Amino acid sequence: MKKYLYIIKTQIIKSMTYEFNVYGNIIMQTIIMITSAYFWRALYTGRSVVDGVDVGSMQTYIIISSALSVLLITNVERRIGSSVEKGSVATDMMKPINLFGMFLAEDIGSIIALIFQNMLPILLIGSLMIKLPVMADIRDLPMLVISVIESFLINWLIAALFGMMAFTTINNNALIQVKKHLIRLLSGSIIPIWFFPKSVSKVLSALPFVYIYQLPLSIYIGKGDRTEMIFQMRIQFIWLVILSALFFYAQSRITRKVMVQGG
Amino acid sequence: MIEVKNLSKDYTIKRKGAGLTGALKGLVIKNTDVVHAVKDLSFHLNEGEIVGFIGPNGAGKSTTIKMMSGILTPTRGSVLIGGEDITKHRKKVVRNIGVVFGQRTQLNWDLRLGETFELLKHIYRIEQSEYDKTLDVMDDILGIKELIDNPVRQMSLGQRVKGDLVASMLHSPKVLFLDEPTIGLDVSAKYSLRKFIKEINKVRKTTIVLTTHDLGDIQELCERLIIINHGVMMEDGNLKEITDRIAPYKTLVVEYYDEEAPMHDKCEMITHEGNVARYRFAKSDITAADIIADLSSKKSLKDVSIEEAGIDDIIKIAYGS
Amino acid sequence: MRKSFDTLLHYLDVTGQEIKMAFMTMIEYPSNIAGWFISNPLQFIMGFAIIKFVVESFGEINGWNYGQLAFLYGLSVISHALSMIFFVQGWFMGWFVIEGDFDRYLTRPLGVLYQFFFTNINIFGITDLIPGVIVFIYGCAKSGVTVSFLFIVQVIIMLIGATFIRGGIYIFLGSTSFHTRSAVDFGQYTQEIMDKTTMYPMSMYPESMQFILTYLIPIGWVSFYPVSSLLGIDNGLSGGMTTAFITLAVGLLVMFLAGAFFNSGLKKYESAGN
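Residues numbered from 1 in each chain as written. Chains lettered and ligands numbered in written order. Predicted model: local features only at pLDDT ≥ 70, side-chain atom pairs only at ≥ 80, totals over all residues. Heavy atoms only, no water.

Caption draft 1: Structural view of the packing of aromatic side chains. In the structure shown here, the tally under the stated rule is 44 aromatic pairs over all chains. Residues Tyr61 of chain A and Trp194 of chain A carry aromatic rings whose centres are separated by 5.6 Å and whose planes lie at 80° to one another, so their mutual orientation is edge-to-face. Of this pair, Tyr61 of chain A sits in helix 3 (residues 55–71) while Trp194 of chain A sits in the loop between helix 8 (173–186) and helix 9 (198–206), and the two are 133 residues apart along the sequence. Looking at Tyr61 of chain A, the relative accessible area reads 0%, which means it is buried. The ring of Tyr131 of chain B is capped by Lys121 of chain B, whose NZ or CZ atom sits 5.1 Å from the centre of that ring. Its guanidinium or amino end placed over the ring of Tyr66 of chain C, Lys52 of chain C lies 4.7 Å from that ring's centre, counting from NZ or CZ. (Phe/Tyr/Trp six-rings, centres within 6.5 Å; stacked < 30°, edge-to-face > 60°. Helix = DSSP H or I, 4+ residues; strand = E, 2+ residues; numbered from the N terminus. Buried < 20%, exposed > 50% of the residue type's maximum accessible area, 1.4 Å probe, protein only. Lys NZ or Arg CZ within 6 Å of the ring centre and 35° of its normal.)

The following block contains the structure:
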């Protein structure tokens with residue numbers, strides 16, 4: 001445990017040194033957030049409530065989605081990819097530390113730095129320039145915290161699983177792009193899937209992506225009643241279990257493969 | 001051929017504190033330092049010279065050679081190649097130069113070597129007949145034609161350096177810049193590389209500017225040495241002249257029949273291990289013959305040899321100052 | 001005059017060789033081809049489906065019907081694809097700066113920016129072009145425009161202008177790394193902003209933002225103004241060739257300014273090592 005904490009700390013320091021990235025990211029994210037807010041304002045012109053959500057909640061949804069996106073940045077897929085590409089994966093796996101544990105610790109470290117560098121400034125800018133993103137019902141806070149942790153883990157596991165596909169094809173950049181697009185478009189991060197046709201949103205509810213963004217955001221803005229939220233949290237948990245199982249299975253297969261063939 | 005006038009390069013670097021607090025401070029407060037990597041260098045290189053730039057790591061050799069080849073913009077001063085300023089007329093001037101940097105390659109990693117040559121043929125607008133002729137010459141010296149169909153990513157470092165050298169010579173440049181060309185190469189690759197440099201210098205009158213840490217390169221190739229330290233020129237001249245000036249001594253190695261070695265008042269005993277003693281003396285003070293005569297009068301000698309001050313002595317002295 | 005024509009021929013000749021080499025490289029890695037042929041079309045097909053869903057939930061967007069939106073989306077994706085082929089390296093300029101990869105371009109007798117983009121020409125961008133063209137043709141049918149010779153000429157000129165605007169923006173963002181000396185990839189953010197502002201009618205945004213997107217960061221000229229003119233949607237723009245030429249002029253201006261900014265950055269280039 002101590003060595004993982006050390007990695008987290010090192011990664012926080014590392015992330016802190018890229019000052020230009022910090023300011024650049026904040027500017028870019030602010031532009032995206034404000035554009036999105038105007039986008040929804042324009043769509044809602046002449047309508048007060050669409051699919052049970054009003055424009056104010058939609059603005060909150062956008063601000064919290066921007067903030068949440070900071071927690072969902074992963075680097076594990078690229079780390080695995082470059083380790084395989086450079087052929088250092090065998091020696092990496094011999095190290096007295098679990099390779100994937102190390103990548104997870106690195107990602108957590110980066111995110112802790114990003115909470116201060118990006119998330120808080122984004123929330124502040126959003127509150128000042130768009131609206132104060134108040135949570136609909138503060139009693140849902142425990143549910144929100146749990147669902148955010150689970151959404152982080154689901155997102156990380158999907159990234160790791162896509163990264164592991166580097167062992168099958170030589171170059172995994174295209175696969176990383178596929179993953180990025182799937183999450184961007186099907187998780188409700190930009191447009192909530194309740195605006196999609198019923199048949200489509202039903203299919204998407206069965207996939208893990210909406211449990212990355214849309215579930216915690218729905219809890220935050222109070223979309224749907226509590227029984228519905230609890231039902232969705234159960235599905236989220238089931239996905240977490242399925243993806244964890246897949247991850248550990250893939251990890252053991254890869255370890256065996258690397259140990260036998262030396263990468 | 002090359003005229004370097006008051007060449008200087010400054011870098012600004014950011015200072016950062018240690019640890020988490022240092023990183024946090026760095027976000028708000030900026031501390032910058034100005035580093036003078038190269039200070040006011042002036043020299044002139046003639047056509048057909050082979051010039052070696054030596055100096056310790058961080059002395060400014062690479063910075064100098066990169067300014068001379070148009071990669072870095074000088075902070076002050078100028079570099080004229082064939083009478084024209086490389087900063088002002090880059091596209092025209094670089095036609096006359098070739099560049100090989102030991103640690104990096106200009107070859108296309110994914111394709112066969114010949115493909116990069118083909119691209120360069122188009123870039124420099126080399127006539128087919130001229131191209132074939134150059135390739136024949138290169139094949140005689142380096143045996144490049146047997147490599148031409150190999151993908152670059154499957155080549156050894158030595159083969160890749162050969163490929164890079166040929167790539168840099170295809171357009172028959174008047175000046176060739178080599179930044180640590182022999183780094184990481186094995187003995188036979190070094191040998192063929194040095195042969196190549198000597199050969200093209202002789203046949204094509206190519207001026208060659210190289211930086212190196214390899215004493216063999218200097219001894220075998222360089223007619224002229226420029227020693228740089230802390231961005232300042234320390235020495236400029238040929239190897240023998242510099243040696244005579246800054247290391248005007250020889251070493252006499254004497255082997256006795258036992259472990260006892262007598263002293264001599266005109267020279268200094270620098271080491272004494274087992275039966276062997278080494279005496280260093282200044283050429284102006286005494287001759288080797290006199291020392292040998294004096295020593296043999298005190299004790300019988302088994303074997304005697306004389307060592308000239310080597311390049312490593314010069315470098316030690318020059319770097320030390 | 002003759003000299004510049006000669007220079008042009010030289011550049012075209014080198015470009016031919018670069019493209020040939022890019023294809024050869026692509027063939028070296030067949031698994032990549034499959035990957036990009038899945039990844040990129042998927043992105044745009046999903047993106048287009050989402051626009052359809054939004055229109056179904058909200059009706060017209062700022063007075064633009066579904067056919068017009070498809071037309072806008074298609075044209076935007078095509079210029080995006082072209083910018084991916086020729087200018088995507090701008091997103092990764094920071095890595096080239098840090099790794100010292102400009103050394104090679106600086107020691108060759110051609111324009112540095114030209115070499116940077118064309119030695120790394122991204123043939124895979126074609127996988128973006130295909131869905132773009134399909135959606136655009138669909139949009140042409142749905143919005144009921146008459147496809148004449150003049151129309152095609154207008155579209156081509158507008159696309160060149162739009163691609164230059166996108167490319168210029170990538171160059172601008174990439175060139176900041178000469179000053180910051182850090183490798184930042186703003187690609188994803190850039191694309192997200194571009195998507196929001198070029199795939200939906202810009203008139204839905206407030207006046208202040210429209211002003212910025214018209215005059216300061218002229219993204220409005222990437223798709224909104226050209227499409228408004230082509231579809232005859234009233235924005236005080238004249239039809240015919242005028243808008244096409246304004247688009248091209250804006251593209252050339254952005255490219256020129258970006259090139260100047262790049263060149264000023266290049267003077268601060270520090271190579272790698274030392």
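Caption draft 2: Fine view of the interface of chain C and chain B. Taken residue by residue, the interface counts 35 residues in chain C and 32 residues in chain B. Taking both sides of the interface into account, the surface hidden between chain C and chain B amounts to around 3,000 Å²; carbon and sulfur atoms contribute 50%. Contact with chain B buries area across many residues of chain C, yet Thr107, Arg108 and Pro109 of chain C alone supply 21% of it, more than any other trio. Linking chain C with chain B are 4 salt bridges, by the criterion used here. Its salt-bridge partner being Glu28 of chain C, residue Arg153 of chain B comes within 3.1 Å of it at the nearest N-O pair. Where chain C touches chain B, the interface holds 16 residue pairs in polar contact (both at pLDDT 80 or more). (Contact = heavy atoms within 4.5 Å. Buried area = accessible area lost by both parts, 1.4 Å probe. Salt bridge = Lys/Arg side-chain N within 4 Å of Asp/Glu carboxyl O. Polar contact = N/O pair within 3.5 Å; in protein donor to acceptor, adjacent residues only side chain to side chain.)

Caption draft 3: Structural detail: the sheet that holds strand 3 (residues 50–54) of chain B. Residue and element names in this part refer to chain B. A sheet is described by the order of its strands in space; here 6 strands give the open sequence 6-7-8-3-9-10, paired in mixed fashion. The open sheet has two edge strands, strand 6 (97–101) and strand 10 (232–237), and neither has a second partner. On average, each strand axis in the sheet is inclined to that of its neighbour by 15°, with strand direction left out of account. Inspection of the sheet shows strand 3 paired to strand 9 (residues 224–229) by 4 bridges, in the parallel sense. Its bridge partner being in strand 9, Ile54 is matched across the sheet by Ile227. Helix-sheet contacts for helix 6 (residues 157–169) involve strand 6 and strand 7 (175–179), and the interaxial angle to strand 6 is about 165°. (Pairing = 2+ DSSP bridges. Axes fitted to C-alpha atoms, helices over the stretch in contact; angles between N-to-C directions.)

Caption draft 4: The domain arrangement of chain B, seen in detail. Residue and element names in this part refer to chain B. We note that the domain assignment places domain 1 (45–237) and domain 2 (246–320) within chain B. With 11 residues of domain 1 in contact, the opposing surface of domain 2 contributes 7 residues. When the buried area of domain 1 at its contact with domain 2 is split by residue, Leu215, Ile227 and Glu235 rank highest and sum to 44% of it. The interface formed by domain 1 and domain 2 holds 0 residue pairs in polar contact (both at pLDDT 80 or more) in total. Those elements that provide at least two residues to the side of domain 1 that touches domain 2 are helix 8 (215–221), strand 9 and strand 10. A per-class count over the side of domain 1 that touches domain 2 returns 7 nonpolar, 3 polar and 1 charged. (Domains from an automatic or database assignment. Nonpolar A, V, L, I, M, F, W, Y, C, P; charged D, E, K, R; others polar.)

Caption draft 5: View of the interface of chain A and chain C. Facing 38 residues of chain A, the contacting portion of chain C comprises 38 residues. Summing both partners gives a buried area of about 3,600 Å² for chain A against chain C, and 76% of it is carried by carbon and sulfur. The residue Asp195 of chain C makes a salt bridge to Arg184 of chain A at a minimum N-O spacing of 3.5 Å. At the boundary of chain A and chain C, one finds 6 residue pairs in polar contact (both at pLDDT 80 or more). Where the side of chain A that touches chain C is concerned, the elements lending two or more residues are helix 2 (19–43) and helix 8 of chain A. Ranked by residue count, the leading element in the side of chain A that touches chain C is helix 2 of chain A, at 15 residues.

Caption draft 6: Inspection of the nonpolar core at higher detail. Trp40, Trp156, Ile191 and Phe195 of chain A together with Phe71 of chain C are the most contacted members of the largest nonpolar core, which has 140 residues in total. When residues of this core are assigned to their parent elements, the largest contribution, 13 residues, is made by helix 7 (residues 141–164) of chain A. Residue contacts for Phe71 of chain C: discarding those within four places in its chain leaves Phe136, Gly139, Cys140, Ser143, Val145, Phe151, Val227, Leu230 and Leu231 of chain C. Grouped together as the second largest cluster of nonpolar side chains are 119 residues, Leu7, Leu176 and Leu221 of chain B together with Ala22 of chain C included. (Core = buried A, V, L, I, M, F, W, Y, C linked by side-chain atoms within 4.5 Å.)

Caption draft 7: Fine view of the packing of helix 2 (residues 30–58) of chain C against helix 7 (residues 126–143) of chain C. Residue and element names in this part refer to chain C. At their nearest, the axes of helix 2 and helix 7 sit 7 Å apart, and the two run at 30° to each other. Between helix 2 and helix 7, the angle is such that the two are roughly parallel. Like other packed secondary-structure pairs, helix 2 and helix 7 cross with a definite hand, here right-handed. Contacts from Trp36, Phe37, Asn40, Pro41, Gln43, Phe44 and Phe48 in helix 2 reach Thr127, Asp128, Ile130, Pro131, Val135 and Tyr138 in helix 7. (Parallel < 35°, antiparallel > 145°, perpendicular 65-115°, else oblique. Left-handed = near helix turned anticlockwise from the far one by under 90°.)

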